[in-house]
Each structure stands twice: as structure tokens, then as C-alpha cells.
Amino acid sequence: MSSLQRPPAASAQAPPVSLSAEQAKVVLAEVIKAFGSPENAQRLEEARDNACNDMGKMLQFLLPVATQIQQDVIKAYGFSNDGEGVLKFARLIKSYESQDPEIASMSGKLKSMFLPPMTLPPHGAGAGGTVATS
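Now for a quick tour of the structure. Values in this document were obtained by computation on a predicted structure and should not be read as measured data.

**With respect to the overall build of the protein chain**
Thought 1: If you tally the helices and strands in the protein chain, you get five helices and zero strands.
Thought 2: In sequence order, the secondary structure elements of the protein chain are arranged as α-α-α-α-α.
Thought 3: Within the protein chain, buried positions represent 30% of all 134 residues.
Thought 4: Contacts in the protein chain between residues at least 24 apart in sequence constitute 62% of all its contacts with a sequence separation of at least 6.

Structure, rendered in C-alpha cells:
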């Protein structure tokens, strides 16, 4: 178990969650570990297969699975067990990325686990460009 103590179960009127950079690293590491578990890796793979590299279907199939995996971890640290809790966690991590290269690296690793890589179109293939054919 980590040295970070989990807070008691959140009450209905929980105060806003505030984690230090070091605490955020611990939670982020747990989230990454959860994504790598065999059960969750299989859930993500099935969602990817259902999405067929279609961005709209990625949002429909993959994002809910990724959100649920994160919720299962972060709720133990005082974040609400819903999409809003995941968004608050993401904003907190984003706020530390510029200050802490380790958090930035971990955040990038997490995103790569459920977001497809962004590829740029080939040079000259944009609007108004002509493509030579042979």
C-alpha cells in the first residue's frame, strides 16, 4: 500500500479535493496501474475493437470504459464517483504538468492508454492542395 492515506468515505457535501503534487503522483500511478490490470486492459481492448478506429465510436465505447476505470481509483481519494470527479482529477493533474515533468510524463502515458495517437495529415494534403497521382 502507498504512504498516502486514503480519506474516509466522502459525505454528501464533500469539500473540494486538494492534492499536493506528490499526492497527485501517487493517485496518477494508481490510475495507470488500474489501466494495466488484465481485466481493465481487456475491457479497453474490447472497446477499441468496437470503435474500429472511428473517433465518434471511440467517444461512444472507449471513453466510458476509461472514465469508469479512473472513477474506481480516484473515488478513494475524495473525488466524486462520476464524470465530474474524473474531470476535476484531470484538471488537477493538468495544473501540475507544467511544474512537474514526472507528472507530465505520467499524464501522457495515461492518455496514450485510451486516446488514439493524433496523426497529422501528410504535407500538402490539406484544403486546396493537390495530390499528384501516377
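**Observations regarding the packing of helix α2 (residues 38–51) against helix α3 (residues 55–74)**
Thought 1: Two elements in contact, α2 and α3, have axes separated by 8 Å at closest approach and are oriented at 170 degrees. Between α2 and α3, the angle is such that the two are roughly antiparallel. Between α2, through Asn40, Arg43, Leu44, Ala47, Arg48, Asn50 and Ala51, and α3, the contact on the second element is made entirely by Lys57, Met58, Phe61, Leu62, Val65, Ala66, Gln68 and Ile69.
Thought 2: Among the residues making up the contact of α2 with α3, the classes are represented as nine nonpolar, three polar and three charged.

**Comments concerning the nonpolar core**
Thought 1: Counting residues in hydrophobic clusters, the biggest one holds 30 residues, and the most contacted among them are Leu28, Val31, Phe35, Leu44 and Phe89.
Thought 2: Secondary structure elements with two or more residues in this core: α1 (21–36), α2, α3, α4 (83–97) and α5 (101–114).
Thought 3: With sequence-adjacent residues up to four places away left out, Leu44 is seen in contact with Phe35, Leu62, Val65, Ala66, Ile69, Met113 and Phe114.

**A look at the pattern of salt bridges**
Any two side chains of opposite charge can pair, so long as their charged atoms come close to each other.
Thought 1: Taken as a whole and judged by the stated rule, the model has seven salt bridges.
Thought 2: Shared partners join several salt bridges into a network, and the residues in it are Glu22, Lys25, Asp100 and Glu102.

**So, unusual backbone geometry**
Thought 1: Positive phi values are uncommon outside glycine, yet Cys52 reaches one of about 50 degrees.
Thought 2: Examined against the element boundaries, Cys52 turns out to sit in the loop between α2 and α3.
Thought 3: Among the residues examined, Cys52 registers a relative accessible area of 59% and is labelled exposed.
Thought 4: For Asn53, which is not glycine, the phi torsion reads 60 degrees and is therefore positive.
Thought 5: As for its position among the elements, Asn53 is in the loop between α2 and α3.
Thought 6: With relative accessibility at 71%, the residue Asn53 sits in the exposed group.

**As for the environment of Phe114**
Thought 1: In this structure, Phe114 sits in helix α5.
Thought 2: Judged by its relative accessible area of 11%, Phe114 is buried.
Thought 3: For the pair Phe114 and Glu45, spaced 69 residues apart in the sequence, the C-alpha separation amounts to 9.4 Å.
Thought 4: Setting aside its immediate chain neighbours within four residues, Phe114 contacts Phe35, Leu44, Arg48, Leu62, Leu63, Ala66 and Gln70.

Calculation criteria
- Residues numbered from 1 in each chain as written.
- Predicted model: local features only at pLDDT ≥ 70, side-chain atom pairs only at ≥ 80, totals over all residues.
- Heavy atoms only, no water.
- Helix = DSSP H or I, 4+ residues; strand = E, 2+ residues; numbered from the N terminus.
- Buried < 20%, exposed > 50% of the residue type's maximum accessible area, 1.4 Å probe, protein only.
- Contact = heavy atoms within 4.5 Å.
- Axes fitted to C-alpha atoms, helices over the stretch in contact; angles between N-to-C directions.
- Parallel < 35°, antiparallel > 145°, perpendicular 65-115°, else oblique.
- Nonpolar A, V, L, I, M, F, W, Y, C, P; charged D, E, K, R; others polar.
- Core = buried A, V, L, I, M, F, W, Y, C linked by side-chain atoms within 4.5 Å.
- Salt bridge = Lys/Arg side-chain N within 4 Å of Asp/Glu carboxyl O.

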